[in-house]
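Next come the chains, spelled out residue by residue.
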Amino acid sequence: MIYQRVALIGLGLIASSMAHAMRAGGLAGEIVGYAKSAETRAVAGSLFCDRVTETAAEAVEGADLVVLAVPVGVMGEIAAEIAPRLKPGATVTDVGSVKRAVVDAVAPLVPAGVQFVPGHPLAGTEYSGPRSGFASLFQNRWWLLTPLPETDPAAIARLRSLLEAMGANVDEMDVEHHDLVLAVVSHVPHAIAYTMVGVADHMRRVSQSEVIKYSASGFRDFTRIAASDPVMWRDVFLTNKDAVLDILGRFAEELFVLQRAIRMGDGDHLHAYFTRTRAIRRGIIEAGQDTAAPDFGRAAPPAAEG
Ligand code: NAP
């Protein structure tokens, strides 16, 4: 057992997966949960929490580890509510997909004697809610921690041991660097998927149901990403604005170059470009972050979002 009592605030995909993984590994003595709706709390109480509470403040009472697993936009509000009830010596972490905004909202509210270790699991699916979690979500996935200079190394090491016991590979990173890297590998790809599905939706009006009927793997993969939770992704774009706009600008430039090559019939350019991008895909498979199986092995729940 790594923590005697763990409080999960927010009981959706990430929190429920953590709870299943902690239960499977015997990593927490007691798991206490709180989420906004009574319905979510009831599901969590029957599936993966030992106890649920009526408020976030009650949930964190006596907890050794508090995990903020709510949308990025409400982290500050929750932190303000729980701050006076945190146990001295406790660790607070979060799983938000953006780190600068969470650190700015939460860190000033964390009382002296409590450690804040911001984090982000690079694992997810397009499903959300308390029924969507599963114990193996974090297996062989990265979990990035962005500790602050004043964070106690012992608190980081203990949290790291929990995350590793849940199957994750843990790395530490600077807050700003995290947000830029995530804009490239996750946030902008989601923006592009949302846009592509939006384009197809316009097309559908002229081609009736053909877009859906004939949707092949390329478009189908876009729709999977574009099915991700609207609240979560609204908050990601509102809070990682600068990095997302920077990368979107670069994307637009590349797109214009590609558009020009297609217009000019520049086959050499297209071939060289696609050869380079294929090598990147190979690198991801070699790094164990996806599978080369047909259909990306996606009969099983997909991973690596957020
Ligand atoms: P989710 O499945 O949509 O669950 C969100 C949970 O937060 C729900 O239990 C919801 O309660 C609760 N919640 C929302 N507003 C609340 C409030 N004001 N007070 C208390 N509880 C509130 O979300 P998720 O996918 O687990 O995401 C949680 C966090 O993980 C987000 O910050 C997200 O950026 C991050 N993340 C997500 C992924 C991913 O791919 N999904 C990956 C990595 C990180 P109700 O059910 O009662 O509404």
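Starting afresh in each chain, residues are numbered from 1 along the sequence in its written order. Note on the predicted model: pLDDT of at least 70 is required for a residue's local features to be given, and 80 or more for side-chain atom pairs to be given and counted; whole-chain, interface and lining totals, by contrast, use all residues. Computation of side-chain values: all heavy atoms of the structure, hydrogens and water removed.

**Some words on the domain arrangement of the protein**
Note the threshold: Domains are outlined according to an automatic or database domain assignment. Contacts were defined at the residue level, with two residues in contact if any of their heavy atoms lie within 4.5 Å. What counts as buried area is the accessible surface, traced by a 1.4 Å probe, that two parts surrender upon association, with contributions from both included. Whenever Lys or Arg places a side-chain nitrogen within 4 Å of a carboxyl oxygen from Asp or Glu, that contact is recorded as a salt bridge. In the analysis that follows, any N or O atom pair within 3.5 Å is treated as a polar contact, provided that within protein one partner can donate a hydrogen and the other can accept it, and provided that, for residues neighboring in sequence, both atoms belong to side chains. Just so you know the grouping, Ala, Val, Leu, Ile, Met, Phe, Trp, Tyr, Cys and Pro go in nonpolar, Asp, Glu, Lys and Arg go in charged, and all remaining residues, Gly too, go in polar.
Annotation of the protein at the domain level lists domain 1 (3-173) and domain 2 (177-264). Taken residue by residue, the interface counts 16 residues in domain 1 and 15 residues in domain 2. Here domain 1 packs against domain 2, burying approximately 1,200 Å² in sum over the two surfaces, 68% of which is carbon and sulfur. Summed over the three residues of domain 1 that lose the most area to domain 2, namely Val98, Glu126 and Met173, the buried surface amounts to 41% of that side. Counting the contacts that link domain 1 with domain 2 gives one salt bridge. With its nearest N and O atoms 3.6 Å apart, the salt bridge here joins glutamate 126 to arginine 224. Connecting domain 1 to domain 2 are five residue pairs in polar contact (both at pLDDT 80 or more). Classifying every residue of the side of domain 1 that touches domain 2 gives eight nonpolar, five polar and three charged.

**What about the environment of methionine 75?**
Inclusion rule: Only DSSP runs of H or I with at least four residues qualify as helices, and only runs of E with at least two residues qualify as strands; both kinds are numbered from the N terminus onward. Buried residues are those whose accessible area, probed at 1.4 Å on protein chains only, stays under 20% of the maximum for their type, while exposed residues exceed 50% and partly exposed ones sit between those limits.
As for its position among the elements, methionine 75 is in helix α4 (residues 75-82). Using a relative accessible area of 0% as the deciding quantity, one classes methionine 75 as buried. Once the C-alpha coordinates of methionine 75 and valine 106 are considered, the two residues, 31 residues apart in sequence, prove to be 6.7 Å apart. Every residue in contact with methionine 75, bar those within four places of it in the chain, is listed here: Leu68, Val70, Asp94, Val95, Gly96, Val102 and Val106.

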